[in-house]
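# Coordinates in review
For reference, the chains in residue letters:
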Amino acid sequence: MPTAATTGELTLPQLVTSAFKILEDKFSILDRDSAGTLMYAELEHELARYGFTDGPRLEALFRSVDFDKSGTLDFKEFLSLVYLWYNVEGGDYSRLFRKEDARVVSAAFARIDQAMVAYDADHSRRLSAPELEAFFREQWPSATLRGGRGVYERAEAQLLKVGRELSFPGFMQLLYTVACRMPGSPLSGQYAPAPEPDEEDGGADEGAPCNGAGP
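First, a word on what this report is: a plain description of the structure on this page. (Residues numbered from 1 in each chain as written. Predicted model: local features only at pLDDT ≥ 70, side-chain atom pairs only at ≥ 80, totals over all residues. Heavy atoms only, no water.)

### Some details on the overall build of the protein
Put simply, the test is: Runs of E in the DSSP output that reach at least two residues are strands. Runs of H or I that reach at least four are helices, and both are numbered from the N terminus. Residue exposure (1.4 Å probe, protein chains only): buried if accessible area is under 20% of the type maximum, exposed if over 50%, otherwise partly exposed. Contacts are assigned to residue pairs that have any heavy atoms within 4.5 Å of one another. Each accessible area is a Shrake-Rupley result for a 1.4 Å probe, and residues are judged covered by the shown protein chains and nothing else.
Looking only at helices and strands, the protein has 9 helices and 2 strands in total. Going from the N terminus to the C terminus, the protein shows its helices and strands as α-β-α-α-β-α-α-α-α-α-α. Looking at the protein as a whole, 47% of its 215 residues are labelled buried. By sequence separation, contacts in the protein at least 24 residues apart represent 55% of the contacts at least 6 residues apart. With an accessible surface of roughly 10200 Å², the protein has 50% of that area assigned to carbon and sulfur atoms.

Here it is as structure tokens:
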């Protein structure tokens, strides 16, 4: 696991993969009933163990990232909550993670945020297909067809509908999906969409299957 001294030396793919591993593990712990989603009570219970008592603030944040208004958070929504908790709300990650893990997650979100700004050519706070292609070509070339994998292209086809653009939460979900499908990935991928049938049969993806099984 990277330390505070090494996070700045990691490539973006290495850093976000390390952070997603921490986030996967934390989500699994919080999801006490193994439903694949978090109830507010589960998150409140975990934070209360570490002395957090600002229930109204937590509830407001929970509601703001419950995008489908289901009353629970899936992994994509949980990523948004963790991002907003620190980067917007000024929350303390020590309530959620060990000290070194908190630094890795914070550094990863900072790099993702910087990438979002850098590749958002039209300043829309959303990334179009051409903008995403530029990002992966320059920052994660091994995941592209040009790099011999095509992991990004297949994930993008699943997550980015024709004519649509990805918001920041969607960008994080895409990065997570790509990270778990890379060969040798340490991620279980259980919170990412399952590959399309032709991906599973074609043998091009050697990484985690993203269907709940480990690597």
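Once the structure has been displayed, the description carries forward.
### So, unusual backbone geometry
A positive phi is found at Ser 34, a non-glycine position, where the angle reads about 55°. Tracing the chain through its elements places Ser 34 in the loop between helix 1 (12-30) and strand 1 (38-39). Take Ser 34: its relative accessible area is 64%, and that puts it in the exposed class. Despite not being glycine, Arg 125 has its phi angle at roughly 65°, a positive value. With respect to the element layout, Arg 125 can be found in the loop between helix 5 (99-119) and helix 6 (129-139). Residue classification places Arg 125 among the partly exposed residues on the basis of a relative accessible area of 41%.

### Some points on the packing of helix 5 against helix 8 (residues 168-181)
For clarity, the cut-off: The convention used is that axes are lines fitted to C-alpha atoms, helices contributing only their stretch in contact, and that angles between N-to-C directions extend from 0 to 180 degrees. For a crossing to be left-handed, the near helix must be turned anticlockwise from the far one by less than a right angle; the clockwise case is right-handed. Residue type decides the class: Asp, Glu, Lys and Arg count as charged, Ala, Val, Leu, Ile, Met, Phe, Trp, Tyr, Cys and Pro as nonpolar, and the leftover types, Gly among them, as polar.
Where helix 5 meets helix 8, the axes come as close as 11 Å, and the angle between the chain directions of the two elements is 115°. As helix 5 runs across helix 8, the sense of the crossing is right-handed. Contact with helix 5, carried on its side by Phe 109, Ile 112, Asp 113, Ala 115 and Met 116, involves Phe 168, Phe 171, Met 172 and Leu 175 of helix 8 and no other residues of that element. For the contact of helix 5 with helix 8, the class distribution of residues is 8 nonpolar, no polar and 1 charged.

### Let's talk about the packing of aromatic side chains
Stated formally: Centres within 6.5 Å make a pair out of two Phe, Tyr or Trp rings, where for Trp the six-membered ring is used; the pair is then stacked when the planes are under 30 degrees apart, edge-to-face when over 60, and tilted otherwise.
One pass over the full model with this rule turns up 17 aromatic pairs. Residues Tyr 83 and Phe 168 carry aromatic rings whose centres are separated by 4.5 Å and whose planes lie at 40° to one another, so their mutual orientation is tilted. You can see Tyr 83 sitting in helix 4 (residues 75-87) and its partner Phe 168 sitting in helix 8, a full 85 residues away along the chain. What makes Tyr 83 buried here is its relative accessible area of 10%. The interplanar angle of 80° and the centroid separation of 5.2 Å between the aromatic rings of Phe 135 and Phe 171 together place this pair among those described as edge-to-face. Of this pair, Phe 135 sits in helix 6 while Phe 171 sits in helix 8, and the two are 36 residues apart along the sequence. Grouping residues by exposure puts Phe 135 and Phe 171 together as buried.

### Quick notes on helix 4
Put simply, the rule is: Here the expected length of a helix is defined as 1.5 Å per residue gap, with one fewer gap than residues. Polar contact is the term for a pair of N or O atoms within 3.5 Å; when the atoms are in protein, one must be able to donate a hydrogen and the other to accept it, and sequence-neighboring residues count only if both atoms are side-chain atoms.
Taking 1.5 Å of rise per residue, the 13 residues of helix 4 would be expected to cover 18 Å, and the 18 Å separating its terminal C-alpha atoms lies within 8% of that figure. Where helix 4 begins, one side-chain oxygen reaches toward the backbone nitrogen of Lys 76, 3.2 Å away; that side chain belongs to Asp 74.

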